[in-house]
Amino acid sequence: MSTQPKITVATAWLDGCSGCHMSLLDLDARLLELIEQVEIVYSPLVDAKELPARVDIGLLEGAISSEDDLARAQLFRARCQRLVSLGDCAVTGNVPAMRNHFKLADVFDRAYHENVTLKPQIPTREVPALLTPVRPVHSEVRVDVFVPGCPPSADAIWYVLTELIAGRVPDPPAVTRFGA
Ligand code: SF4
């Protein structure tokens, strides 16, 4: 049995639909092979609630749309040796950035007044403050690897992860592209 410490991986979704994480789960049987080599130390997919002080590989799904997203992206950057922008929302803003075409006040009106019949009101507590504009991850923190796709396929994610685990620099555009 190998005594080599496993490579640690953390994932988070910012303003995304979770589809990129679903694509990660689409690795199916390869997940078993993956967990032979890595330990997932923080993720919506596992119970751990604290991001460790040092993580080998961090994957961020989604754009930065709120103060919470920004704080999490900054924390991942500070603690992850390699930071991956996973999916078109993280890489370009994509779907969440569609709200950049509207005034924030109009977005709130649409969400909390026009579409609500019972006591319409804009929440003032428990909801992270939104940022304008919605922005891609690399506009706020340095990103090491960009993986386009909506979502990137399981094959593309497998390629990126196995290259990083092997200590190589992956070339995601060779296997995935915007909107793929
Ligand atoms: S890139 Fe596509 S699948 Fe991934 S979070 Fe954005 S909308 Fe969802």
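Note that this is a predicted model, so its numbers are computed, not measured.

Caption draft 1: Looking closely at the pairing of strand E1 (residues 7-13). Of all 7 residues that make up E1, 5 are buried, and the element is covered over most of its length. Of the pairings in the sheet, the one linking E1 to strand E2 (residues 38-42) comprises 4 bridges and is parallel in character. Of the residues in E2, the one forming a bridge with Thr 8 is Glu 39. Here E1 runs beside strand E3 (residues 55-61); their pairing, made up of 5 bridges, is parallel. Its bridge partner lying in E3, Ala 10 is registered against Gly 58.

Caption draft 2: Layout of the site of the ligand. Looking at the ligand, the residues that line it are Gly 16, Cys 17, Gly 19, Cys 20, Glu 61, Gly 87, Asp 88, Cys 89, Gly 149, Cys 150 and Pro 151. Contributing elements (two or more residues each) for the shell around the ligand: helix H1 (19-25) and helix H4 (88-92). Among the residues forming the shell around the ligand, the class breakdown is 5 nonpolar, 4 polar and 2 charged.

Caption draft 3: Representation of the side chain of Ser 66 in the model. Mapped onto the elements, Ser 66 comes out in strand E4 (residues 64-66). Given a relative accessible area of 4%, Ser 66 falls into the buried group.

Caption draft 4: Focus on the pattern of salt bridges. Across all of its chains, the model carries 7 salt bridges by this definition. Here Arg 54 ties to Asp 56 by a salt bridge, and the two come within 2.9 Å at their closest N and O atoms. Note on Arg 54: relative accessible area 52%, which makes it exposed. One salt bridge in this structure joins Asp 144 and Arg 142, with 2.8 Å as the shortest N-O distance. A residue is classified by how much of its surface remains accessible, and Arg 142, at 55% relative accessible area, is exposed. One continuous salt-bridge network, built from bridges that share partners, spans Arg 77, Arg 142 and Asp 144.

Caption draft 5: Expanded view of unusual backbone geometry. The amide bond that connects Thr 132 to the next residue, Pro 133, takes the cis arrangement and shows omega of 0°. Mapped onto the secondary structure, Pro 133 falls in strand E6 (residues 130-135). Cis geometry marks the peptide bond from Cys 150 to Pro 151, where omega comes out at -10°. With respect to the secondary-structure elements, Pro 151 resides in the loop between strand E7 (145-147) and helix H6 (154-165). One non-glycine residue, Asp 28, lies in the positive phi region at around 50°. You will see that Glu 126, though not glycine, has its phi angle at about 70°, which is positive. For Glu 126, the location among the structural elements is in the loop between helix H5 (104-114) and E6.

What counts, and at which threshold
Residues numbered from 1 in each chain as written. Predicted model: local features only at pLDDT ≥ 70, side-chain atom pairs only at ≥ 80, totals over all residues. Heavy atoms only, no water. Buried < 20%, exposed > 50% of the residue type's maximum accessible area, 1.4 Å probe, protein only. Helix = DSSP H or I, 4+ residues; strand = E, 2+ residues; numbered from the N terminus. Pairing = 2+ DSSP bridges. Near = heavy atom within 4 Å. Nonpolar A, V, L, I, M, F, W, Y, C, P; charged D, E, K, R; others polar. Salt bridge = Lys/Arg side-chain N within 4 Å of Asp/Glu carboxyl O.

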